[in-house]
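A closer look at the structure
Listed below, chain by chain, are the residues.
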Amino acid sequence: MKWIIVGIAFFGLMLDVTIGPSTAEGAESSAAVLQEMNTFFEHAVDGGKLPGVIAVIARKGEITHASSSGYSSSGDPTTTLATLPDTIFRLFSMSKPVTAAAVMLLLDEGLIQLDDPVSNYLPEYTNMKVLKRGQLVTAASPITIRHLLTHTSGVSYLLLETPVTDHYVKEDVFAISNRLSETTEAHVKRLAKLPLVAHPGAEWSYGESFGILGRLIEVVSGQSFGQFLQTRLFVPLKMTDTGFFVPEEKVHRLAALYQADSNGDLVDVSNGPFGGDYTQKPPLEYGGAGLVGTPLDYLKFAQMLLNDGQVDGRQLISQGSIEMLKTNQLGNEMGQTPLESLGNPEFSRSGVGFGFGGYVIHEHPGEGWNGSLGEYSWGGWADTHFWIDPEEELVALFFTQVLPGSGAPENWRPKFREFVYRSLVKSAPN
């Protein structure tokens, strides 16, 4: 399987930016590193560890690298499409930064304040209970919008091992598996009946907070969450392939979803309980993990974040709101490694905090870190990742479709990061 250096001119046309090879000193060494990266992931595809990969690097508003390898569909490779720039991926938790940006639009209009109790808009979140040492106690404070944006609300996930997991399992409260069987409103109301894992504002705890934010946006805006995203974010950003389902005319571009079995072999689980049929419009438009989209679309969104809310010379979201989104919101009371509960070594370093919808590097994490202060990033369940690096004026994206499984798939993100930063060519002095 050979890598396809996918049409950089095609990407550039869609982004309305000038694309061309770097003329800075050292460009040859950069090209060599990128070829090394292509070979590395080509071997991963040939070895059956990855079905297909798209890698994109943009600097200073220009795409400097875009490549793909493998196939987006299962079955006979001679009859399936090679992974292409317009392949549609399940974004899963990469939906969260998009939801955070949508909340910022409401903030800019003065329709909400970040420290408003959520119960002002969703009364079912009044008088929440916390499960402590097996006993239910009244929450010490109300859940606020800021708590939801930062995963400090106390709301948990069915898939995480926490003191409240049994409650989530018993009530079958897991948005991805129920996206076709209940509405956003119904899901959020059922979620409100479950106990919190911690008092609001007391701990960082990953969970379904962004699903609640999607419903809040519906109540405040008077639109469905999907309509709000379409009119207020996707149309202005020209994200033409992003939404909560894949329409019939685009189904052939939807990537298959894989999971590694106990032997490490990739098994197609596209029709499994991980969102089900994405060709159907779901009644549950889930702000935490429901979106599908292309790398090209997400690049446009990430570039807007890097540009402090600007798109095509106009301010889509205020600079102040985007700066808050990209700034660490967790205080010292959360400890030196607040994201450690996720079990990912990358997040278990000091200096890794959390903004709105994504992690933020606010202090140097120490030896072995190959990035910059101010980095903002998040990833998706099926191994999609992005980050922005303001210091390097960089956006990087890595897209595949492999869920965690019994075969314990590799964490490809650190290797991709290593290649990206080794490949950077500094601007030539004036």
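Cut-offs and rules
Residues numbered from 1 in each chain as written. Predicted model: local features only at pLDDT ≥ 70, side-chain atom pairs only at ≥ 80, totals over all residues. Heavy atoms only, no water. Phe/Tyr/Trp six-rings, centres within 6.5 Å; stacked < 30°, edge-to-face > 60°. Buried < 20%, exposed > 50% of the residue type's maximum accessible area, 1.4 Å probe, protein only. Helix = DSSP H or I, 4+ residues; strand = E, 2+ residues; numbered from the N terminus. Lys NZ or Arg CZ within 6 Å of the ring centre and 35° of its normal. Contact = heavy atoms within 4.5 Å. Pairing = 2+ DSSP bridges. Salt bridge = Lys/Arg side-chain N within 4 Å of Asp/Glu carboxyl O. Polar contact = N/O pair within 3.5 Å; in protein donor to acceptor, adjacent residues only side chain to side chain. Core = buried A, V, L, I, M, F, W, Y, C linked by side-chain atoms within 4.5 Å. Axes fitted to C-alpha atoms, helices over the stretch in contact; angles between N-to-C directions. Parallel < 35°, antiparallel > 145°, perpendicular 65-115°, else oblique. Left-handed = near helix turned anticlockwise from the far one by under 90°.

Here the focus is the packing of aromatic side chains. Scanning all chains against the criterion turns up 25 aromatic pairs. Where Phe 40 meets Phe 41, the ring centres are 5.1 Å apart and the plane angle is 85°; that geometry is what we call edge-to-face. The class of Phe 40 is partly exposed, set by a relative accessible area of 29%. Judged by its relative accessible area of 0%, Phe 41 falls in the buried class. Look at Phe 398 and Phe 416: their rings are 5.4 Å apart centre to centre, the planes differ by 45°, and that puts the pair in the tilted class. With Phe 398 in strand β15 (residues 394–399) and Phe 416 in helix α11 (residues 413–423), the pair connects residues that are 18 residues apart, well separated along the chain. By relative accessible area, which is 1% here, Phe 398 ends up buried. The buried category is assigned to Phe 416, whose relative accessible area is 1%. Three or more aromatic residues joined by ring pairs make a cluster, and in this case those are Phe 40, Phe 41, Trp 387, Phe 398, Trp 412, Phe 416, Phe 419 and Tyr 421. The ring of Phe 40 carries the charged tip of Lys 415 above its face, separated from the ring centre by 5.4 Å.

Moving on, we get to the environment of Leu 136. Within the fold, Leu 136 resides in strand β5 (residues 135–138). For the pair Leu 136 and Pro 195, spaced 59 residues apart in sequence, the C-alpha separation works out to 7.5 Å. With residues up to four places along the chain from it excluded, the contact list for Leu 136 reads Lys 129, Val 130, Leu 131 and Pro 195.

All right, on to the sheet that holds strand β6 (residues 258–260) then. Strand order in this open sheet of 3 strands is β7-β6-β16, and the pairing throughout is mixed. Of all the strands in the sheet, the pair left with one neighbour each is β7 (266–268) and β16 (402–403). Across 3 bridges, β6 lies against β7 in antiparallel orientation. Each residue of the ladder has a partner; that of Ala 260, found in β7, is Leu 266.

Attention now moves to the pattern of salt bridges. Pairs may arise between side chains of opposite charge once their charged atoms sit close together. Evaluated as defined, the whole model comprises 20 salt bridges. Here Glu 109 makes a salt bridge to Arg 232, at a shortest N to O gap of 2.6 Å. Here Glu 109 is found in the loop between α3 (95–108) and β4 (129–132), whereas its partner Arg 232 is found in helix α8 (residues 225–237), with 123 residues between them in sequence. Classification of Glu 109 as partly exposed rests on a relative accessible area of 41%. A relative accessible area of 26% places Arg 232 in the partly exposed class. Residues Glu 418 and Arg 422 are paired through a salt bridge, measuring 3.6 Å at the closest nitrogen-oxygen approach. Highlighted residues: Glu 418 and Arg 422, both in helix α11, separated by 4 residues, approximately one helical turn. For Glu 418, a relative accessible area of 29% corresponds to the partly exposed category. Overall, Arg 422 belongs to the partly exposed group, its relative accessible area being 39%. Because the salt bridges share partners, they merge into one network encompassing Glu 36, Lys 415, Glu 418 and Arg 422.

Quick look at the side chain of Ser 68 now. Its place among the elements puts Ser 68 in strand β2 (residues 62–70). The exposure class assigned to Ser 68 is buried, which follows from its relative accessible area of 0%. Engagement of the side chain of Ser 68 in a polar contact is seen with the backbone oxygen of Thr 83, the distance being 2.7 Å.

Residues Tyr 125, Ile 145, Leu 149, Leu 233 and Phe 386 are the most contacted members of the largest nonpolar core, which totals 108 residues. A per-element tally of this core places α3 first, with 9 residues. When residues no more than four places from it in sequence are discounted, the contact partners of Ile 145 are Val 103, Ile 112, Gln 113, Leu 114, Asp 116, Val 118, Tyr 121, Leu 213 and Leu 216. If you look at the next biggest cluster of nonpolar residues, it comprises 23 residues, including Ile 57, Leu 394, Val 402 and Trp 412.

Time to look at the packing of helix α6 (residues 184–192) against helix α7 (residues 209–221). Where α6 meets α7, the axes come as close as 9 Å, and the angle between the chain directions of the two elements is 125°. Taken together, the axes of α6 and α7 lie oblique to each other. Our pair here, α6 against α7, has a crossing hand that is left-handed. Contacts between α6 and α7 involve Thr 184, Glu 185, Val 188 and Leu 191 from the first element and Gly 211, Ile 212, Arg 215 and Glu 218 from the second.

Across the sheet, which stays open at both edges, the 7 strands sit in the order β2-β1-β15-β14-β13-β12-β11 with antiparallel pairing between neighbours. Each having just a single partner strand, β2 and β11 (352–354) make up the two edges of the open sheet. The average undirected angle you get between the axes of adjacent strands in this sheet is 15°. In terms of strand pairing, strand β1 (residues 52–59) meets β15 through 6 bridges, oriented antiparallel. Counterpart to Ala 58 in the pairing with β15 is Val 395.

Purely geometric numbers; function is a separate question.
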